[in-house]
Structure formats: structure tokens, C-alpha cells
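Here are the chains, one letter per residue:
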Amino acid sequence: MAYRHDSDGPVIDRDLFKAKSIAKAGVWTAVCIIVLIAIWIIFPKDKRIENTMDFVRLELKNSPYNYSLENTEGELIVTIWASGITSRAKKAYNGDVEALQEWEKTKNNILKYIYDIRQYMLIEEVEEITLTVMLVNEDNRSRSLLVYKDGVLSYDVVSDVGKN
């Protein structure tokens, strides 16, 4: 801080409030706004959703699950299934301790996928879309075993979650 003497008394001269500093901050702010507008123009919402779906495909490519993706108005639905998952769920439902431990591992794996997908959705700025992940019966894909909506467990065939 430097002091200057003025006819009205000492004036504190702070670099932060100099016109040059304010102009630099204004230029950087304008550049940031222009970059954001360019991103929105170059990558429209549909393209960002498609990028997210590509990420999901890559994420699940090396997983033990088969999958299908559906993009509806405001919702991205990821349906996954695997050989033997239904019999494991039945054993867990009947109280088999080993099957219950495997079921919990399955739920944790799916939550990790959801977390990774959600992080990518934040990067792509598609937060307004609901992410639904369903683990389904491999023989009858219309029967859900687990359902997560935006990372919250809404149905679990093994426990009482989501059952009325």
C-alpha cells in the first residue's frame, strides 16, 4: 500500500482498484463468457447427451454386464443384466449369507457406475436429465431387480426398498 498526499489529505493507492487492473479483469471475464457461449453453440444439448451416452458405453464395455441405453425426454435410462444375476438375487432374497454379500457388492458396483456417469454428466453440463439405472432379470428384462433414480435406490427385489 502506498500513500500519496493530496490537497484533501493522504490517499491510499491500491493496485486492485486501478483502471488497468479493472480492464484486465473485464477482458478475462469477457473471454470466459465468449468461451462458454462457444461451447453451448458448438456442443448443443443433444450432442452433449450423445457424448454422455458414449461415455456410458465405454464405462460398461468392460463390465460384467450387458446393457441397453434409452434417451427419452429428460431421462437417460441404462438397463443392465448379467448371466446368473437373477439366481443370485433369489439366493440373497432367501437369506444366503454369501449371496447377500455378493448382492451388496453388485449394488456398490452399480453405484460406482452411477457416480462416474453423473460426474461425466456434470462435465457435459447435462445435470437436468434424470439418470435411471436398472438391473433386470436376464431372462425377462421387463422385471427389475434393482432400480436407481439419480443415484437413489428406489427398488431392490432382495430388500423391502420400493415394495408396497
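Right, let's walk through the structure included here. Values in this document were obtained by computation on a predicted structure and should not be read as measured data. (Residues numbered from 1 in each chain as written. Predicted model: local features only at pLDDT ≥ 70, side-chain atom pairs only at ≥ 80, totals over all residues. Heavy atoms only, no water.)

This part takes up the overall build of the protein chain. Scanning the protein chain for helices and strands turns up four helices and seven strands. Ordered by position from N to C terminus, the α and β elements of the protein chain give β-β-α-α-β-β-α-α-β-β-β. Within the protein chain, residue pairs in contact and separated by at least 24 positions form 46% of the contacts whose partners lie at least 6 positions apart. In the form shown here, the protein chain has an accessible surface area of approximately 11,000 Å², with 56% of it arising from carbon and sulfur atoms. (Helix = DSSP H or I, 4+ residues; strand = E, 2+ residues; numbered from the N terminus. Contact = heavy atoms within 4.5 Å. Areas by Shrake-Rupley, 256 points an atom, 1.4 Å probe, with all protein chains shown as cover.)

Before going further, it helps to examine the nonpolar core. Judged by nonpolar contacts, the single largest core of 28 residues is most densely connected at Ile 80, Trp 103, Ile 110, Leu 131 and Leu 135. Those elements that provide at least two residues to this core are α2 (45-61), β4 (75-81), α3 (85-93), α4 (97-124), β5 (130-136) and β6 (144-149). Per element, the largest residue contribution to this core is seven residues, and it comes from α4. (Core = buried A, V, L, I, M, F, W, Y, C linked by side-chain atoms within 4.5 Å. Buried < 20%, exposed > 50% of the residue type's maximum accessible area, 1.4 Å probe, protein only.)

Moving on, we come to the pairing of β4. Most of β4 sits out of view: seven of its seven residues are buried. Residues of β4 alternate between two faces, with Glu 75, Ile 77, Thr 79 and Trp 81 on one and Leu 76, Val 78 and Ile 80 on the opposite face, all of them buried. In this structure, strand β3 (residues 66-72) lies alongside β4, joined through seven bridges in antiparallel fashion. The partner of Leu 69 across the bridge, within β4, is Val 78. Between β3 and β4, which follow one another and run antiparallel, lie two residues, and Gly 74 among them has a positive phi close to 80 degrees. In the sheet, β4 pairs with β5 via six bridges, with the strands oriented parallel. Along β5, the bridge assignment pairs Val 78 with Val 133. (Pairing = 2+ DSSP bridges.)

Attention now moves to the environment of Lys 47. Residue position: Lys 47 is located in helix α2. On the basis of relative accessible area, Lys 47 is assigned to the partly exposed category, the value being 40%. Separated by 77 residues in sequence, Lys 47 and Glu 124 place their C-alpha atoms 9.4 Å apart.

Below, the discussion takes up the packing of aromatic side chains. As enumerated under the stated definition, the model contains two aromatic pairs in all. The interplanar angle of 0 degrees and the centroid separation of 4.4 Å between the aromatic rings of Phe 55 and Tyr 120 together place this pair among those described as stacked. Of this pair, Phe 55 sits in helix α2 while Tyr 120 sits in helix α4, and the two are 65 residues apart along the sequence. Ring geometry for Tyr 65 and Tyr 113: centres 6.2 Å apart, planes at 80 degrees, overall edge-to-face. Of this pair, Tyr 65 sits in the loop between α2 and β3 while Tyr 113 sits in helix α4, placing them 48 residues apart in sequence. On the accessibility criterion, Tyr 113 (15% relative accessible area) is buried. (Phe/Tyr/Trp six-rings, centres within 6.5 Å; stacked < 30°, edge-to-face > 60°.)

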